[in-house]
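Architecture and fold: a report
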Amino acid sequence: MTIAAVIREKGRNVVSVSPEAPIAEIAAIIASRRIGALVVLADHGGLVGIVSERDVVKALAKHGARVLELTASDLMTRQVTTVTMGTSIDQAVEIMDAGYFRHLPVMEDGALAGIVSIRDLVKHRITLHQRDLEALKAAVQQRSG
């Protein structure tokens, strides 16, 4: 299974901010949307970074109340690791595990096509395993019935 299957199920909606977005706005979006990261897009729509809830917490620990004077550009990871629609779910999990992060923007033809979280990938895997289990149960019942 590939990331494309997860995006088909989840949808392509991505919550984003501009590099100038204040940290207070970022924190409010993360809290109200119950998400763990926001992609940072330039005016032309190109991916320029990602800001996670962990980034905000680390900045708060480092800067205290002054964190509210910062912007997405100040905190964002600029070298964003991305995947494509053709990346396998197993590969994506390995990438997240190796990089110690939980969100991967998905690119298609050079444009942002979605974002997946470790939660999305685990949920998709569980759904597949449940379907396989149900199919096996049905096959056993047909043979024994």
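In what follows, the structure referred to is the one given above.
Okay, so let's go over this structure. Just so you know, the residues in each chain are numbered from 1, in the order the chain's sequence is written. Side-chain atom pairs in this predicted model are given and counted only at pLDDT of 80 or more, local residue features only at pLDDT of at least 70, and totals for whole chains, interfaces and linings cover all residues. Based on all heavy atoms of the structure, the side-chain values leave hydrogens and waters out of the count.

A closer look at the overall build of the protein
We apply this condition: Note on conventions: DSSP H or I runs of at least 4 residues are helices, E runs of at least 2 residues are strands, and numbering of each starts at the N terminus. In this description the radius of gyration comes from C-alpha coordinates, and the expected globular size is given by 2.2 Å times residues to the power 0.38. Only protein chains enter the accessibility calculation, which uses a 1.4 Å probe. A residue is then buried if its area is under 20% of the maximum for its type, exposed if over 50%, and partly exposed in between. Here a residue-residue contact requires only that any non-hydrogen atoms of the pair lie within 4.5 Å.
Each helix and strand in the protein was counted, giving six helices and six strands. Its C-alpha atoms give the protein a radius of gyration of 19 Å, more than 25% over the compact-globule value 15 Å for 145 residues. Projected onto the principal axes, the alpha-carbon positions of the protein cover approximately 70 × 35 × 25 Å. A total of 145 residues make up the protein; the buried ones form 38% of that total. Long-range contacts, defined here as pairs at least 24 residues apart, represent 55% of the contacts in the protein between residues at least 6 apart.

Comments concerning unusual backbone geometry
The phi angle at Tyr100 is positive, at roughly 55 degrees, despite the residue not being glycine. With a phi angle near 55 degrees, Asp109 is a residue other than glycine that sits in the positive phi range. Secondary-structure assignment places Asp109 in the loop between β5 (103–108) and β6 (111–117). Judged by its relative accessible area of 82%, Asp109 falls in the exposed class.

Focus on the sheet that holds strand β3 (residues 47–52)
For clarity, the cut-off: A strand pair is defined by DSSP finding two or more bridges across the two strands.
Judged by pairing direction, the sheet is mixed, and its three strands sit side by side in the order β1-β2-β3 without closing on themselves. If you trace the sheet from one side to the other, it starts and ends with β1 (16–17) and β3, each paired once. Sheet analysis places β1 next to strand β2 (residues 37–41), joined by two bridges and oriented parallel. Residue pairing in the sheet places Ser16 in a bridge with Val39 of β2.

A short note on the side chain of His103
Mapped onto the secondary structure, His103 falls in strand β5. According to the relative accessible area criterion, His103 is buried, its value standing at 17%. Those residues in contact with His103 that lie beyond four places of it in its chain are Gly36, Ala37, Ile50, Met96, Ile115, Val116 and Ser117.

Focus: helix α2 (residues 23–33)
A turn of α-helix holds 3.6 residues, and therefore any two residues three or four places apart point the same way. Worth spelling out the cut-off: In this context, the arc is that of the directions from the helix axis out to the C-beta atoms.
Buried within α2 are the following residues: Ile23, Ile26, Ile29 and Ile30. For α2, the arc enclosing every buried residue in end-on projection is 125 degrees, short of the 170-degree limit, so these residues lie on one face. Exposed and oriented more than 90 degrees from the buried face of α2 are Ala31 and Ser32. Those residues of α2 hidden inside the fold are in contact with β1, β2, β3, α3 (53–63) and α4 (72–75).

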